Structures are given as C-alpha cells and as structure tokens.
Amino acid sequence: MGEKHSDLVNKSKAAFLKWRALPAPERGNYIRLFGEALREQKKEVANQITSEAKKIISESEGEVQEVIDMCDFATGLSRQLYGLTMPSERPNHRLQEIWQPLGIVGCITAFNFPVAVFGWNFCLAAVCGNSIIWKPSPHSEGCAELTKKIWDSVAGEYKDLVLIKKGANDASVELAEDENIALLSATGSCAMGKAIAPLVSARLGRNLLELGGNNAAIICPTADLDLTIKGVTFSAAGTTGQRCTTLRRLFVHEDIYEEVIKKLIPSFESLKIGDPFDRNIQVGPLISEQSYEAMKKTLDDCSNKAKKIHGGQKLDIEGGIYVQPAIVEVDSHIDEMNDETFAPILFVMPFKKLTDAIKLQNSVKQGLSSSIFTNDFRESELFLGPEGSDCGIANVNIGTSGAEIGGAFGGEKDTGGGRESGSDAWKAYMRRITATLNHGIELPLAQGVEFDSES
Ligand code: UN1
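Fair warning: this is a prediction, and the values are worked out from it, not measured in the lab.

Asker: Account for the site of the ligand, naming residues and giving values.
Answerer: Near the ligand, the surroundings consist of Glu 66, Asn 112, Phe 113, Trp 120, Glu 210, Arg 243, Cys 244, Thr 245, Ser 401, Gly 402, Ala 403 and Phe 409. Between the ligand and Ala 403, the relevant distance is 2.7 Å, taken from an oxygen atom to a main-chain nitrogen or oxygen of the residue. When the ligand is considered free in solution it has 320 Å² of accessible area, and contact with the protein chains removes 99% of it. In the shell around the ligand, the residues fall into five nonpolar, four polar and three charged. When we break the shell around the ligand down by domain, the ones giving at least three residues each are domain 1 (5–211 + 416–435) and domain 2 (215–396).

Laid out in structure tokens, this is it:
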C-alpha cells in the first residue's frame, strides 16, 4: 500500500533540507500560489469532499475556503515569525529568541474535515520551514490526492514538501514511532490520541493533539431565542453531527425550558435531509453503517433513562445512511452524555443555577468547545472567566461549531491540549533558540557570578 515508509521519510527529509534554506517570505509566496490554485479549483475540491466525507456541498465549499483563508493567513505570517528581544542584565549584551523549523511534520487527519485540518497544519508547517507527511483517513484519500495534485501544480522543485502516507492505524503507528518525525499532529478520537501520544512521547518527540469533543451550550433566560435555536440546530445537526465541535449537550434554564423545547423540536423536524449535492439539503448521510450502529447503541442505552427521545430513526432514503437527528430530553446528566458519539444526538437538560450548568458542562473528560446564549453580560463574563468554561473554545451567542481560522483552535483535557490554525499556533511547528550575544570586550557573568582568579 503506497510507498515504503523509509522512502517517504527520505524524500521528505530531502525536501525539508532544501525548503528550510528559502527565506520565510519566499516560502510564504508558495503558499500564496497554493491558495490561488485552490481558489480556482474550489468547486472541484468541494465536490470531492462531498463525495467522500458526504457533507453538504455548502459546507464542503466552506471547508475549501478554510484552507484558502489559512493560505492567506500563512502568507502574511511568513513575514511575522517574530522572536522577542529582551533586555539583557549584562552590559553590551543582547538577549534574543530566534525561531527555526523542526523538520518533518507528521499529520494525521480525520474523514470529517479531510482538507481543512491538513490546511491548518500544512500552511503553518510550511511557512515555518518544515516538510509534511500526511496520513489522511482511509475514507478520504481522494481528497488528499487532489489537494496534493494542486500543491504539485504550484510547488516547482518543492513537490515533495507534501507527501501522502496511506493506510489505517498501522500507518499512524509508523509515524508515531519514527524519530524522524519531529512533530506528530493528530486529529481523531480520544482513544486514537491515547494510543498514539505515548509512542511519540516514548521517543521524546512532540505531539500536537486535537481529539474528541463533548461540547455543551447553556441557554439563559435573557437569550434571543430565534438566534439561539438557529445556532443550536446548526451546531447539533449540521455536518450530520460529525464535527469534533458538534453540540451534544444543551443546558436550558428551567424558566424557558418548555419554550425552547417547543421551538427546537420543529427546527429539527423541518431539517431537509438527503443528497448532500442538492443545495436545498441541510443534512447529508452518516459516513458509514458503523456510525449508525454507534448512534443506535447510544439511543438504545439511554432509552430507559431519558424523559423523551425525539427523532433518531433511520430514514428510507436511497444512496446512503440517513438519520433523523435526535433530541434526547433528560432530567440528569446520564452516563451516555459522557462520551462522544460521532452522530447527531443532542441531550437537553434543564438547570436552575448558571453555576450548576457550568459545573455540568465541565464535568466531562473532553474540553473542546462550549457556548452560552445570554444577553446578560455578567453571565457571559462568568462563562469566560476562571470559574467558567474549561474548554479551548468558548463562544457567546453563537453555537459550538464553525470556528474561524484566525483564532487558535483546540481543546483541553482529553481533547489533547494542542492548538492549530490561527493566533500564535505556528510556534508549535518551530523550535525556539534563546541567543545571548556579547558585543563588548569584557565577559561579565549572569547573576553577578565572579570567576576571576586574583593572582
Ligand atoms: C473538526 O471537526 O475536526 O470549528 C474541525 C469548526 C471547524 C473545524 C472543525 N472550523 O467546526
């Protein structure tokens, strides 16, 4: 299957050694060209995403746009890989940090964002001076091949900067164990991260993990309900519940609980489900029969504990595994809410006090994305403060999914702690040198240490 691992690594290393010698802004220029090529072939890539990942065409286009945005961001960043200069405590000395590339970055991506997550990693890794070996999900290798073809069309002598390693878990393990892979960036389930990370750590390599979420939203009495229902429906049912940022748990203040449920159920029931290539459709099929089995199991397991289950059934639609997104009303935080099911199931539970809702939100092992819907700034400030959300992403009056590339993306706890995409996430793809330069004629020692002999 594909090229031999050692050949891939040798080619990637050779590409890295050439590429790192280019000035960063020149590297940025290649990424700019990559972005332009993607702009021209946006439709083609989006179609490929929809045929493999099965997400609706508008979301697939959005995903390609996410990579284009990353190209623009990284092009600018290529002139801004700043190191600080600090005042030295010694006369005629300069204390400075310098950022240098790491080497080969391994990148494991999941089926659900087959192109965007590669874009987050590749655009940053490349302007920082690294090469990349990409292991896409077996569900979406066609997306990887097409993206690589587009890179090759602009890459000139740097085609090997992007190499694809096909395969399933065994291929990920090979990357994890190989000391030539300076950084392993992995997106997928918490279980996958827990299997892979120790292999990388055992050789003291670097990990960048973006693992499962179990995202929650809190609806407070002052929330604008029209906006809220829209945000909740998109986050819970959009992408057929298969984003790591998908909304799974909804805590609703008891005063508005009935009103929210009354609006939420028709909002779910009126979702247009069907062929993801049809522009009127909002929800496409699940990725596989296995995903449906997992969804069914979760719903079966909680059937005795739930107050009421709305939807969740398999639909009789040709050409895929289609389901009606489910709403599960519960009175308490049941066990089934503790784990991520990669399918559209939204648990809804009433709360009395905001602090209790925040506690429940934070009670799970994962810590990716969270939202609060409120017009009371004391509530939103509490949510964003030290006693608030423990997630890497915390939103006010928007859903848990659909982050822009400008901010750092990732989560805490079992989500793995990594940050990708915007802000200063680029630092994960570089090594920091602290340099002290003496331009004087004396050799003063730090902390006033004397080392001169008197004689
Ligand atoms: C993922 O599901 O792995 O914020 C990534 C979002 C997208 C990325 C999701 N921009 O929902």
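Asker: Can you break down the pattern of salt bridges residue by residue, with the values?
Answerer: Enumeration over the complete set of coordinates arrives at 20 salt bridges. With a closest N to O distance of 2.9 Å, Arg 39 and Asp 72 form a salt bridge. With Arg 39 in helix H2 (residues 24–40) and Asp 72 in helix H4 (residues 57–77), this residue pair connects regions lying 33 residues apart in the sequence. Residue Arg 39 is classed as partly exposed on the basis of its relative accessible area, which comes to 42%.

Asker: Could you give an account of empty space enclosed by the protein, with specific residues and numbers?
Answerer: Inspection of every chain in the model, using the stated rule, returns two cavities of 30 Å³ or more. The volume enclosed by the largest cavity comes to roughly 50 Å³. Forming the walls of the largest cavity are Asn 214, Arg 248, Arg 249, Glu 336, Met 337, Asp 339, Thr 341, Ile 345 and Phe 347. Those elements giving two or more residues to the lining of the largest cavity turn out to be strand S9 (247–253) and strand S14 (345–351). In terms of residue class, the lining of the largest cavity is built from three nonpolar, two polar and four charged. Considered as a void within the structure, the second largest cavity measures approximately 40 Å³ in volume. Residue lining of the second largest cavity: Ala 53, Lys 54, Lys 55, Phe 111, Asn 112, Thr 239, Thr 240, Gln 242 and Pro 285, and that is the complete set. Per-class residue counts for the lining of the second largest cavity are three nonpolar, four polar and two charged. Inspection of the lining of the second largest cavity shows a minimum of three residues originating in each of domain 1 (5–211 + 416–435) and domain 2 (215–396).

The rules we used
- Residues numbered from 1 in each chain as written.
- Predicted model: local features only at pLDDT ≥ 70, side-chain atom pairs only at ≥ 80, totals over all residues.
- Heavy atoms only, no water.
- Near = heavy atom within 4 Å.
- Polar contact = N/O pair within 3.5 Å; in protein donor to acceptor, adjacent residues only side chain to side chain.
- Areas by Shrake-Rupley, 256 points an atom, 1.4 Å probe, with all protein chains shown as cover.
- Nonpolar A, V, L, I, M, F, W, Y, C, P; charged D, E, K, R; others polar.
- Domains from an automatic or database assignment.
- Salt bridge = Lys/Arg side-chain N within 4 Å of Asp/Glu carboxyl O.
- Helix = DSSP H or I, 4+ residues; strand = E, 2+ residues; numbered from the N terminus.
- Buried < 20%, exposed > 50% of the residue type's maximum accessible area, 1.4 Å probe, protein only.
- 1 Å grid on protein atoms, 1.4 Å probe; cavity = no way out; pocket = protein on both sides within 12 Å on 5 of 7 lines; lining within 4 Å.
- Points joined across faces, edges and corners; volume = space filled by probe spheres on them.

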